[in-house]
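What follows is the residue order along each chain.
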Amino acid sequence: MAGGGGDMEAAAVAMEAKRDARRRRVERMALPVGMVLVQVFTVVTMLMSKVALNAGMHPLVLLVYRNLVAAVVVAPLAVAFERYAIGCEDFALVAASVHIPTDLWKRLNLAVLGWIFINATFGVLLAMGLYYCGLRATSAAYAVNFLNLIPVATFLIAVVFRAERLSLACWPGRTKLLGAAAGVAGTMVISLCKGTHLLLPHLRSPAYHGGNRLAVVHGNYRDMAVGTLFLVGSCVSYALWFVVQARVAVVFPSRYWTTTLTCAAGSVQSAIAAAVVVALTGTGASGGLTSGAWRLRWNMQLATVVYSGVFNTGVTFVLVSWAVARRGPVYPPMFNSLSLVATTIVDALVLGTDIYLGGVLGAVLVVLGLYAFLWGKGKELAAAKAKELERPPGDDDDVSIA
């Protein structure tokens with residue numbers, strides 16, 4: 001009888017090991033795919049937002065509505081998925097890869113709400129708001145370059161706050177640092193070095209010609225310096241947001257509810273900021289915050305609100321918070337370089353933007369830097385996993401979160 005019990009226990013352990021191995025295989029594929037999707041959402045949203053902002057939509061109005069839409073979209077997922085995940089260990093290997101404790105709502109105290117409020121401040125009001133202001137004052141092609149400064153800022157801030165480990169004594173640590181530097185160097189090459197003009201056939205859209213071009217490319221760059229300051233502030237805010245995400249994942253390990261509450265708090269903060277702007281400018285007419293600015297019609301502004309709220313806020317927040325919980329705060333922004341490559345391709349094929357040899361070489365450098373960083377990160381995670389398996393049971397004194 002005892003032998004039979006031992007066989008059943010061994011079979012249960014083997015089954016659990018198979019499930020764990022299967023979950024890790026799915027996660028290894030799903031994490032990079034999710035981050036690539038985030039970049040696709042970002043590029044499409046940026047192009048749509050540029051058109052909406054040029055048409056007169058105020059950045060704060062866009063922030064209020066897109067985050068309100070995101071909260072409404074993600075809330076049902078939180079109710080359906082995470083409640084079911086509490087009682088089902090095999091539920092959706094990807095969606096439930098982070099264990100959700102049964103006492104989740106007991107953790108929602110003032111301290112957790114404070115972290116969510118800070119999360120919304122950096123991730124919504126400052127990061128998105130400043131980026132929209134910079135995008136409105138400059139151009140999409142110029143603004144996208146600042147997304148690629150986020151990895152370096154995030155990396156440095158994460159190291160300072162000890163949310164990310166950096167060891168130059170081993171090759172994985174050196175490769176991470178070289179990869180980050182190569183990604184930024186590639187971005188600078190694309191931005192500053194043209195080189196030989198590559199004669200490629202273009203598929204120009206009708207909007208590129210004639211008067212409609214002003215709907216896509218804004219011609220007034222008098223505020224380029226101010227726009228650059230907005231974009232730099234957005235870059236720093238995004239970096240701080242990724243670090244805050246790592247802390248939020250610890251104190252409140254619920255991706256869906258964290259996303260819902262963050263979007264709702266961000267929408268409220270943006271509305272308050274809009275009220276402050278109106279109070280400071282009288283009627284708000286100078287900033288485009290009249291009562292008519294809050295009325296949405298069946299046009300590009302409504303499409304931008306719905307698309308950005310569902311995909312670039314709701315889905316992106318879920319994917320990013322999941323990636324931060326599994327790989328650390330530096331992992332998601334390292335994929336931002338892909339948005340620059342994608343924007344270059346879209347500009348060339350759709351808007352007929354000229355391609356230069358410097359841009360191609362810079363894009364290659366960006367991709368090489370990205371994979372160099374991910375290789376170093378992967379090696380560090382594998383080493384940490386092996387070390388954790390070697391630790392005697394019950395010895396959890398020095399466990400740290402990567």
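So, here's what we can say about the structure. (Residues numbered from 1 in each chain as written. Predicted model: local features only at pLDDT ≥ 70, side-chain atom pairs only at ≥ 80, totals over all residues. Heavy atoms only, no water.)

## With respect to the pattern of salt bridges
Going through the model one piece at a time under the given rule, you end up with 1 salt bridge. A salt bridge links Arg326 to Glu27, with the shortest nitrogen-to-oxygen separation between them at 2.9 Å. One end of the pair, Arg326, is in helix 9 (residues 300-327); the other, Glu27, is in helix 1 (residues 2-54), with 299 residues separating them in the sequence. Assessed through its relative accessible area of 24%, Arg326 is described here as partly exposed. (Salt bridge = Lys/Arg side-chain N within 4 Å of Asp/Glu carboxyl O. Helix = DSSP H or I, 4+ residues; strand = E, 2+ residues; numbered from the N terminus. Buried < 20%, exposed > 50% of the residue type's maximum accessible area, 1.4 Å probe, protein only.)

## Remarks on the environment of Leu338
The residue Leu338 is located in helix 10 (residues 336-351) in this model. Exposure remark for Leu338: the relative accessible area of 23% places this residue in the partly exposed category. For the pair Leu338 and Ala363, spaced 25 residues apart in sequence, the C-alpha separation works out to 8.6 Å. Leave out the neighbours within four places in its chain, and Leu338 touches Val36, Gln39 and Leu370. (Contact = heavy atoms within 4.5 Å.)

## A look at helix 5 (residues 150-160)
Listing the buried residues of helix 5 in full gives Ile150, Pro151, Ala153, Thr154, Phe155, Ile157 and Ala158. The first or second residue beyond helix 5 is Arg162, which carries a positive phi of 60°.

## Details of the packing of helix 7 (residues 224-251) against helix 9
Two elements in contact, helix 7 and helix 9, have axes separated by 9 Å at closest approach and are oriented at 70°. With respect to helix 9, the axis of helix 7 lies roughly perpendicular. Between helix 7 and helix 9, the contacting residues are Trp241, Phe242, Gln245, Ala246 and Ala249 on the first element and Phe317, Val320, Ser321, Val324 and Ala325 on the second. Tallied by class, residues from the contact of helix 7 with helix 9 come to 8 nonpolar, 2 polar and no charged. (Axes fitted to C-alpha atoms, helices over the stretch in contact; angles between N-to-C directions. Parallel < 35°, antiparallel > 145°, perpendicular 65-115°, else oblique. Nonpolar A, V, L, I, M, F, W, Y, C, P; charged D, E, K, R; others polar.)

## Some details on the environment of Thr262
Relative to the helices and strands, Thr262 is located in helix 8 (residues 255-280). Classification of Thr262 by relative accessible area gives buried; the value is 0%. Counting along the chain gives 146 residues from Thr262 to Ile116, while the straight-line C-alpha distance between them is 5.8 Å.

## Considerations on the environment of Val73
Of note, Val73 is situated in helix 2 (residues 59-86). Residue classification places Val73 among the partly exposed residues on the basis of a relative accessible area of 32%. Distance in space between the C-alpha atoms of Val73 and Val310 is 6.5 Å, their sequence separation being 237 residues.

## Some remarks on the packing of aromatic side chains
Counted by the stated rule, this structure contains 6 aromatic pairs. Ring centres of Phe41 and Phe311 lie 5.2 Å apart, and the angle between their planes is 45°; this geometry places the pair in the tilted category. Of this pair, Phe41 sits in helix 1 while Phe311 sits in helix 9, and the two are 270 residues apart along the sequence. Ring centres 6.2 Å apart and planes at 65° place the aromatic pair Tyr238 and Trp241 in the edge-to-face group. Of the two residues, Tyr238 and Trp241 are both situated in helix 7; the distance of 3 residues between them amounts to about one turn of the helix. Both residues of the pair, Tyr238 and Trp241, count as buried. Pairwise contacts between aromatic rings join Phe41, Tyr307 and Phe311 into one cluster. When the ring centre of Trp171 is taken as reference, the NZ or CZ atom of Arg174 above it lies at 5.0 Å. (Phe/Tyr/Trp six-rings, centres within 6.5 Å; stacked < 30°, edge-to-face > 60°. Lys NZ or Arg CZ within 6 Å of the ring centre and 35° of its normal.)

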